[in-house]
2 protein chains.
Amino acid sequence: MARRMGSVRLKRANPITVAVGALLCIFIVLFLFYPSGSSHATTSQRAGAAVHPLSPPTAPYRRIPGLSESRPPPVIRYNMNNITATADPEGNRENILLLTPMARFYPEYWANLLRLTYPHELITLGFILPKTKEGNEATAALQKQIAKTQRHGPARDRFRSIVILRQDDEPALASQDEGERHKLANQKARRAVMARARNALLFTTLGPDASWVLWLDADIVETPPSLIQDLAGHDRAVLAPNCFQRYYDEETRRAEERPYDFNNWQDSEVAQKLAGAMGRDDILLEGYREMPTYRALMAYMAQEGKDEKFEVPLDGVGGTALLVKADVHRDGAMFPPFAFYNLIETEGFAKMAKRLGWQPYGLPNYKVYHYNE
Amino acid sequence: MARRMGSVRLKRANPITVAVGALLCIFIVLFLFYPSGSSHATTSQRAGAAVHPLSPPTAPYRRIPGLSESRPPPVIRYNMNNITATADPEGNRENILLLTPMARFYPEYWANLLRLTYPHELITLGFILPKTKEGNEATAALQKQIAKTQRHGPARDRFRSIVILRQDDEPALASQDEGERHKLANQKARRAVMARARNALLFTTLGPDASWVLWLDADIVETPPSLIQDLAGHDRAVLAPNCFQRYYDEETRRAEERPYDFNNWQDSEVAQKLAGAMGRDDILLEGYREMPTYRALMAYMAQEGKDEKFEVPLDGVGGTALLVKADVHRDGAMFPPFAFYNLIETEGFAKMAKRLGWQPYGLPNYKVYHYNE
């Protein structure tokens, strides 16, 4: 029942090394659309203003000798009064920041992104990849697809902009083949690394204009094309669909599906007592036989053919697919890489969101699908 | 000994209201320098690329009918491999994000900013102001000074770019004139609002190219002009100068100075025991007679004429002036608006940085000065 391997693979644990080295090596690829005039400029001084509003503030300013005193800088005002996060994001032209930590590139992931019916010109993609051999390969494959879509694909496929971060000095865990107990011990380090990657991606890419942040793992290969509209339609601060996995059942000889993400749960008295008896730095993990929590897992709440809009409140969430109002993050909700109320990463995030007054919800009957390795 | 009133003034407490309303109303003023060609474009396809690299990705993309199929979008790559945070930030052309929550505009604050000798073209300023009458006045005064500096001032004064956020539905506290006990109770709500403001400012403005974040309160009216170089020279992840206040002593009839920020401290056994006996949602505040902590306060460690470079490790930090390596924030360190190890806001931030493996330090003999009301 263990939650299957996440999207960042590791071989040795050393969080401090990540901390120091993380993001020292960053590069950003920004694929811009064709330019349009800056229609937001409100001053009469339009001469010299940026041609395209999407060019990022990432390059160092270069002084031009002799020019400095002669020409005052252009002034551009961006009126952001109408940033909303509503049940009708498309109607209100709300921007989505779609964030994906990636260790492997799956063509099916990209194909699924392209099928999303939410206007692509309102979607900014952000990726973070480890600086490992596998990460380099994934980056190359990702960039190839990006070039294909952004430069040669039809206009409706092209995303607003794309940012790629590389995480330096990725620590690695001992082999996942060792005993159960060791596996459980490894989880804390693995989840901490994952949390730091999510935070680096979030803190670096969240700007003033995003209404929603959609977390989507790199191994999510199938979602309803209307995923963003469907989830945003619930108008919840934090909302998780149910993550399943398709497989071929050798016995029944039929295509079947099984629950995959066990981090979406409702708390139990047993789990609270377990946590109460733990040290402050210990974490309570879901999906391990040696530590039964008796939490109510959303993975097991799905009912065939029942209402896809049915909601349940959640106390822990997973990160395979998760829609978050950008203001929840702006309030300070991040992914704790340390034990936070004995929870870590996305589960700790759910607790933090609750501490900030935002209640997470889940959709047991609304499914997205994980890659089957 | 109470820490004096911070830079956000309030009249009624309701964190949820802030949470919901915060940042729904944002506007950004970006004062750009004169345009220069995008020298970072690495592809041969330069036609149509943004004229100026600093224009922000904040305006919605607008589709131009008929143009979509005929012209592929330009591709611009920003190579960010050399983002460092070193003891020689000027030599390494490191970008500083200078963040200030502001409720009142002090001309002395702005004059002090202008005196900073760190190259202004490497400094981005970020402000967040409440949407109150006072906040509106401060915004107007701030914008006036910005226009003066950025458009009409000498080139060396001009900052790289400036972002202003407005925080909607600012909650307010009951009058500060009520009894001590009430004052103490108010602190938690006041600090929580301040923490949310800092988080909103941080999450919204931190981009991929910042090396350092300098937190500087709006009522800091005097610092050494070499503040940034001096602090960065210590190469610490989190570093706080000592915040004092100048005043005229009626008795001695001389200009004197007194310690001001009491949130820079080293923990004590008494404080740890106090916290241990508290509920998880309670916070332990510094500077209240009814709750003596016996922490070692950096405010009282200053020694006349002694080494300005002398460092002490800290367990709690204040926000009046604080230099933080951007990677500490990217790791997830934010300002908890809730009790975090019985600490809140900047003091909670110090604890969070420590949990992430970053040790805060302070400089008892290196002083900055707070406005005297």
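All values reported here derive from a predicted model rather than from experimental measurement. (Residues numbered from 1 in each chain as written. Chains lettered and ligands numbered in written order. Predicted model: local features only at pLDDT ≥ 70, side-chain atom pairs only at ≥ 80, totals over all residues. Heavy atoms only, no water.)

## Considerations on the overall build of chain A
No. 1: Looking only at helices and strands, chain A features eight helices and 14 strands.
No. 2: Counting across all 373 residues of chain A, residues that qualify as buried make up 62%.
No. 3: The long-range share in chain A, meaning contacts at least 24 apart out of those at least 6 apart in sequence, stands at 80%. (Helix = DSSP H or I, 4+ residues; strand = E, 2+ residues; numbered from the N terminus. Buried < 20%, exposed > 50% of the residue type's maximum accessible area, 1.4 Å probe, protein only. Contact = heavy atoms within 4.5 Å.)

## Quick word on the pairing of strand β9 (residues 254-259) of chain B
All names here are of chain B.
No. 1: Pairing of strand β8 (residues 238-249) with β9 involves six bridges; the strand directions are antiparallel. Within β9, the position partnered with Phe-244 by the bridge is Pro-259.
No. 2: The hairpin turn running from β8 into β9, its antiparallel successor, is four residues long, and Arg-253 in that turn takes a positive phi close to 55 degrees. (Pairing = 2+ DSSP bridges.)

## Let's talk about the side chain of Glu286(A)
Residue and element names in this part refer to chain A.
No. 1: Position of Glu-286 among the secondary structure elements: in the loop between α6 (269-276) and β11 (296-297).
No. 2: Of the polar contacts made by the side chain of Glu-286, one reaches the side chain of Thr-293; its length is 2.8 Å.
No. 3: Of note is the side chain of Glu-286, whose polar atom sits 2.8 Å from the side chain of Arg-295. (Polar contact = N/O pair within 3.5 Å; in protein donor to acceptor, adjacent residues only side chain to side chain.)

## Observations regarding the side chain of Thr320(B)
No. 1: By secondary structure assignment, the location of Thr320(B) is in the loop between β12 (312-313) and β13 (321-325).
No. 2: In terms of polar contacts, Thr320(B) uses its side chain to reach the side chain of Asp261(B), at 2.7 Å.

## Section: the pattern of salt bridges
It is possible for side chains bearing opposite charge to pair when their charged atoms get close.
Residues and elements named next belong to chain B.
No. 1: One pass over the structure, following the stated rule, counts 42 salt bridges over all chains.
No. 2: Here Glu-222 and Arg-246 are joined by a salt bridge, their closest N and O atoms 2.7 Å apart. Of the two residues, Glu-222 is situated in strand β7 (residues 220-222) and Arg-246 in strand β8; the sequence distance between them amounts to 24 residues.
No. 3: Given the relative accessible area of 28%, Glu-222 is considered partly exposed.
No. 4: The partner of Asp-267 in a salt bridge is Arg-295, with the nearest N and O atoms 3.8 Å apart. (Salt bridge = Lys/Arg side-chain N within 4 Å of Asp/Glu carboxyl O.)

## Some words on the environment of Pro292(B)
Residue and element names in this part refer to chain B.
No. 1: Assignment of secondary structure puts Pro-292 in the loop between α6 (269-276) and β11 (296-297).
No. 2: Note on Pro-292: relative accessible area 40%, which makes it partly exposed.
No. 3: Distance in space between the C-alpha atoms of Pro-292 and Val-270 is 8.4 Å, their sequence separation being 22 residues.
No. 4: Ignoring sequence-local partners within four residues, the contact set of Pro-292 consists of Val-270 and Leu-274.

## As for the pairing of strand β3 (residues 95-101) of chain A
Consecutive side chains of a regular strand alternate in pointing toward one face of the sheet and then the other.
Residues and elements named next belong to chain A.
No. 1: Most of β3 is tucked away: seven of the seven residues are buried.
No. 2: Here β3 shows two buried faces, one formed by Asn-95, Leu-97, Leu-99 and Pro-101 and the other by Ile-96, Leu-98 and Thr-100.
No. 3: Of the pairings in the sheet, the one linking β3 to strand β6 (residues 210-216) comprises five bridges and is parallel in character. Its bridge partner being in β6, Leu-98 is matched across the sheet by Leu-214.
No. 4: Relative to strand β4 (residues 123-130), β3 runs parallel, the two sharing six bridges. Paired with Ile-96 across the strands is Ile-123, a residue of β4.
No. 5: Crossover β3 to β4 through helix α2 (residues 107-115) is right-handed. (Right-handed = clockwise from strand over helix to strand, strands pointing away.)

## Here we look at the packing of aromatic side chains
Residues and elements named next belong to chain A.
No. 1: Counted by the stated rule, this structure contains 18 aromatic pairs over all chains.
No. 2: A centroid spacing of 4.9 Å and a plane angle of 70 degrees characterise the contact between Phe-340 and Tyr-341, whose relative ring orientation is edge-to-face.
No. 3: Assessed through its relative accessible area of 2%, Phe-340 is described here as buried.
No. 4: Exposure remark for Tyr-341: the relative accessible area of 17% places this residue in the buried category. (Phe/Tyr/Trp six-rings, centres within 6.5 Å; stacked < 30°, edge-to-face > 60°.)

## Things to note about unusual backbone geometry
Residue and element names in this part refer to chain B.
No. 1: Of note in this structure, Tyr-294 is not a glycine but carries a positive phi near 55 degrees.
No. 2: Summarising the element assignment, Tyr-294 is placed in the loop between α6 and β11.
No. 3: Assessed through its relative accessible area of 62%, Tyr-294 is described here as exposed.
No. 4: Within the chain, Glu-345 stands out as a residue other than glycine whose phi angle is a positive 50 degrees.
No. 5: With respect to the helices and strands, Glu-345 occurs in helix α8 (residues 345-355).
No. 6: For Glu-345, a relative accessible area of 4% puts it in the buried group.

## What to know about the environment of Val213(B)
Residue and element names in this part refer to chain B.
No. 1: Along the chain, the position of Val-213 falls in strand β6 (residues 210-216).
No. 2: Each C-alpha atom of the pair Val-213 and Ala-326 lies 5.6 Å from the other, and the pair is 113 residues apart in sequence.
No. 3: Contacts of Val-213, omitting those with residues within four sequence positions, involve Leu-97, Leu-99, Leu-206, Leu-322, Leu-323, Val-324, Ala-326 and His-329.

## Details of the confidence of the model for chain A
No. 1: Scored by pLDDT, chain A comes out at a mean of 80, with 74% of its residues at no less than 70.
No. 2: Contacts of residues 172-176 of chain A to residues separated by more than four positions or lying in other chains number 19 contacts, the stretch itself having pLDDT below 50. (pLDDT = per-residue confidence, 0-100.)

## Thoughts on helix α3 (residues 133-152) of chain B
Residues and elements named next belong to chain B.
No. 1: Every buried residue of α3 is listed here: Gly-135, Ala-138, Thr-139, Leu-142, Gln-143, Ile-146, Thr-149 and Gln-150. For α3, the angular spread of buried residues about the axis comes to 135 degrees, placing them on one side. In α3, the exposed positions that point more than 90 degrees away from the buried face belong to Lys-133, Lys-144, Lys-148 and His-152. (Arc of directions from axis to C-beta.)

## Considerations on a nonpolar patch on the surface
No. 1: On the surface, Val270(B), Leu274(B) and Tyr294(B) cluster together into a nonpolar patch covering about 290 Å² of accessible area.
No. 2: As for its position among the elements, Leu274(B) is in helix α6. (Patch = residues over 30% accessible without salt bridge, like charges linked within 9 Å, V, L, I, M, F, W, Y side chains within 5 Å. Areas by Shrake-Rupley, 256 points an atom, 1.4 Å probe, with all protein chains shown as cover.)

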